[in-house]
Amino acid sequence: MTVHIGAKPGDIAETVLMPGDPYRAKWAAETFLDKPKLINDVRGMLGFTGTWNGHPVTIHGSGMGMPSLSIYVNELIRDFGAKTLIRIGSCGGMQDDVKVRDVILAMTASSISTPSLGFFREVNFAPTADWSLLSAAFKAAEKRGTPTHVGGIYSSDVFYDERPDLNEQMTRHGVLAVEMEAAELYTLAARYGCRALAVLTVSDHLRTGEALPSDDRERSFGDMVEIALEAAFSNT
Ligand code: HPA
């Protein structure tokens, strides 16, 4: 039991999938895991552990933004022994060839700041996905025929962004999409020698203003969960 996770030792699997929304964690656990068991509900941040194809898996909410994700990921790794952490979430498309519903596998995550900025000082650390997870997720997405892009994303601290010029620079530099968590997830995984990846669905588009209709969200979200699970347990 930690400050923010009321689970008992052994309640949390080495593989953890992390949607931002705790109710998405509940839905994904009930839909994809066998015998999902609620292992945390402190502050309404739900976490479930069950099995997928016989492998133990935890699906735990991260909350929105890097400070929230950082709390859960620190505790999951340091106190509960998580080793493979995969964010499953939504993002805003930033390139014309990135369409709503497409999947983005984030190779790197740029940011203005992460909760780690304070101690990195002059170092501009490059948060990077784990290669074994990234390549396995790409293969899983290809096999399913899901339109998928692999490249850099932007982890922003703001959803209601007052700096359209920054988004333009990101687009100009080939950044595929914006979300709010991956840079800190990758930084913490690097610090603790864990594997991390962000598998994202494009839910809206910054350039076209298009947004995923709400009845489509569940199906697209399910694709992401399956890609993440296949990647986590791929031996290639
Ligand atoms: N900005 C930040 N995070 C997001 C967005 C966005 O436009 N869409 C989905 N997650």
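Look above for the structure.
A brief structural summary. These figures come from a predicted structure and were not determined experimentally. (Residues numbered from 1 in each chain as written. Predicted model: local features only at pLDDT ≥ 70, side-chain atom pairs only at ≥ 80, totals over all residues. Heavy atoms only, no water.)

**A word on the environment of valine 199**
Note that valine 199 resides in strand S9 (residues 195-205). Separated by 110 residues in sequence, valine 199 and glycine 89 place their C-alpha atoms 6.8 Å apart. Residue contacts for valine 199: discarding those within four places in its chain leaves Ile86, Arg87, Ile88, Gly89, Val103, Ile104, Leu105, Met224, Ile227 and Ala228. (Helix = DSSP H or I, 4+ residues; strand = E, 2+ residues; numbered from the N terminus. Contact = heavy atoms within 4.5 Å.)

**Considering the packing of aromatic side chains**
In this structure the tally under the stated criterion is six aromatic pairs. Consider the rings of tryptophan 27 and phenylalanine 221, whose centres lie 5.8 Å apart with planes at 55°: the pair is tilted. With a gap of 194 residues between them, tryptophan 27 in helix H1 (residues 22-32) and phenylalanine 221 in helix H7 (residues 214-232) connect regions that are remote in the sequence. Using a relative accessible area of 21% as the deciding quantity, one classes tryptophan 27 as partly exposed. You can call phenylalanine 221 buried: its relative accessible area is 3%. Ring centres 4.9 Å apart and planes at 10° place the aromatic pair phenylalanine 120 and phenylalanine 125 in the stacked group. Here phenylalanine 125 falls in the partly exposed class, since its relative accessible area comes to 32%. (Phe/Tyr/Trp six-rings, centres within 6.5 Å; stacked < 30°, edge-to-face > 60°. Buried < 20%, exposed > 50% of the residue type's maximum accessible area, 1.4 Å probe, protein only.)

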